[in-house]
Structure formats: structure tokens, C-alpha cells
Amino acid sequence: MAEKLAPEKRHSFFHGSQKVFEWDQTLDEVNMYINLPTGVPTKLFYCKILSKHVEVGIKGNPPYMNHDLSSPVKTDSSFWTIEDDVLHITLQKRDKGQTWSSPIQGQGQLDPYAADLEQKRLMLQRFQEENPGFDFSQAQFSGNCPDPRTFMGGIRSD
């Protein structure tokens, strides 16, 4: 049932008409997807993940992306992979349940409506995680949705 509350679609960040990356999030992590240029061997790509910074590029060239993150991540649980010409970066949130409006600080922020939908989806994901025998996939909130990170004493940590 938890898969019913997985991100339905990825958010896209464009610079002009060029897509820079796509992203989605769960209670635990933020995922970024970058389409790689053709003709460059995958072993030349690199990704450096710091607590509040990410850098992506091709070795020997200026970085393609060199930005601060919106919120801190756990570097020991964050990683990157390349599959089917897509660089996939998995950022483990330091604050589980925090709703990110963008992975990159100050760029590509979700509009207020999309941010509210994201917060509601994460709240339902939290309910599903804490109550695995119930199906919250059709649940809805009327009015404002509480913060999934702090609602009713916060998220339980194992």
C-alpha cells in the first residue's frame, strides 16, 4: 500500500528552455535525475555530495551543477548512480519528513499549490508508515495540512 503514496510524477527544473534536472521526494530522501549528454563515457562523470552542497560534472571541465542544497543531507547515506544515460542522485534527508520545495537552494521552487500537494502526500506517507495495516491512498485533507515532520510529536525514529 505504501507504493500508492509514492511520488506520482517528477518535478522539473528548467533554465530557459533546457531541462536541468527532474526530482521527487519521499519522507526519507530527495531524488534528482539528470539526463547525461551523449557521446561522453560514463566513467568521466562525477558527483560530489556534501552536507549542504552538490556538485556534478565531467572530469576536466567546469561543473555542470555546483549549488547549495535547500536543506542538509546525511552524506554517509546519500549516493549517486548512472543508468540508461541518467545520473540519479539520492539525497538522504537529515530531517526525515521535511518537505523540500526544491533540492537546490533558491532555484526551481515549487509554487505554493504544488508545495501544499507535496506536503499532503508526505503526511499521508507518514500515516501509512506508522499504520501499515491501513490504506491511506484515497485519504484527503480539508484545509491546511500539518507539517509531517512535527505533527503529533514528530516522526518516530527507530
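The rules we used
- Residues numbered from 1 in each chain as written.
- Predicted model: local features only at pLDDT ≥ 70, side-chain atom pairs only at ≥ 80, totals over all residues.
- Heavy atoms only, no water.
- Pairing = 2+ DSSP bridges.
- Helix = DSSP H or I, 4+ residues; strand = E, 2+ residues; numbered from the N terminus.
- Core = buried A, V, L, I, M, F, W, Y, C linked by side-chain atoms within 4.5 Å.
- Buried < 20%, exposed > 50% of the residue type's maximum accessible area, 1.4 Å probe, protein only.
- Contact = heavy atoms within 4.5 Å.
- Axes fitted to C-alpha atoms, helices over the stretch in contact; angles between N-to-C directions.
- Salt bridge = Lys/Arg side-chain N within 4 Å of Asp/Glu carboxyl O.
- 1 Å grid on protein atoms, 1.4 Å probe; cavity = no way out; pocket = protein on both sides within 12 Å on 5 of 7 lines; lining within 4 Å.
- Points joined across faces, edges and corners; volume = space filled by probe spheres on them.
- Nonpolar A, V, L, I, M, F, W, Y, C, P; charged D, E, K, R; others polar.

Q: Please explain the pairing of strand E7 (residues 73-83) as it appears in this structure.
A: Here is the key point about a regular strand: its side chains alternate between the two faces of the sheet. With seven bridges joining them, E7 and strand E8 (residues 86-93) adopt antiparallel strand pairing. Residue pairing in the sheet places Trp 80 in a bridge with Ile 89 of E8. Here E7 hands over to E8 after two residues, with Asp 84 in that stretch at a positive phi of 55°.

Q: Sorry if this is basic, but what is going on with the nonpolar core here?
A: When a protein is soluble and globular, its nonpolar side chains tend to lie buried together. Counting 23 residues, the largest nonpolar core has Phe 21, Met 32, Val 54, Val 56, Met 65, Ile 89 and Leu 91 as its most contacted members. Looking at this core, the elements that each hand over two or more residues are strand E2 (18-25), strand E3 (29-35), strand E4 (45-50), strand E5 (53-58) and E8. In contact with Met 65, not counting residues within four places along its chain, are Val 20, Phe 21, Met 32, Ile 34, Val 54, Glu 55, Val 56 and Ile 104. Met 123, Phe 127, Phe 136 and Cys 145 belong to the second largest nonpolar core, which has five residues in total.

Q: What should I look at first to understand the sheet that holds E8 in this one?
A: Strands pair in a sheet through their backbones, by hydrogen bonds, and they do so in one of two ways: parallel or antiparallel. Pairing is antiparallel across the open sheet formed by five strands, whose spatial order is E1-E2-E3-E8-E7. Both edges of this open sheet fall to strand E1 (11-15) and E7, since each of them pairs with a single strand only. Each neighbouring strand pair of the sheet contributes to a mean axis angle of 20°, computed without reference to strand direction. Of the pairings in the sheet, the one linking E3 to E8 comprises seven bridges and is antiparallel in character. Along E8, the bridge assignment pairs Tyr 33 with His 88.

Q: Looking at this structure, how should I read the sheet that holds E5?
A: Spatially, E4-E5-E6 is the arrangement adopted by the three strands of the open sheet, whose pairing is antiparallel. Two strands bound the open sheet, and with one partner strand each, they are E4 and strand E6 (65-68). Going from strand to strand, the sheet's axes swing by 5° on average, the running direction of each strand aside.

Q: Sorry, what's going on with the pattern of salt bridges here?
A: It is possible for side chains bearing opposite charge to pair when their charged atoms get close. Following the criterion strictly, the structure yields eight salt bridges and no others. Across the pair Glu 22 and Lys 19 runs a salt bridge whose closest N-O atoms are separated by 3.2 Å. By relative accessible area, Glu 22 is classed as buried at 18%. Three or more residues joined by partner-sharing salt bridges are found here, namely Arg 10, Lys 19 and Glu 22.

Q: What's the story with the layout of surface pockets in this structure? I'm lost.
A: Any empty space left between atoms is shown by rolling a water-sized probe over those atoms. Considered as a void within the structure, the second largest pocket measures approximately 220 Å³ in volume. Lining the second largest pocket we find 17 residues, and of these Ile 34, Asn 35, Leu 36, Pro 37 and Tyr 64 sit closest to its centre. Counting only elements with at least two residues in the lining of the second largest pocket, the list comes to E2, E3 and E5. Per-element accounting of the lining of the second largest pocket gives the leading share, four residues, to E2. Among the residues making up the lining of the second largest pocket, the classes are represented as 12 nonpolar, four polar and one charged.

Bear in mind that shape data such as this cannot, by itself, settle questions of function.
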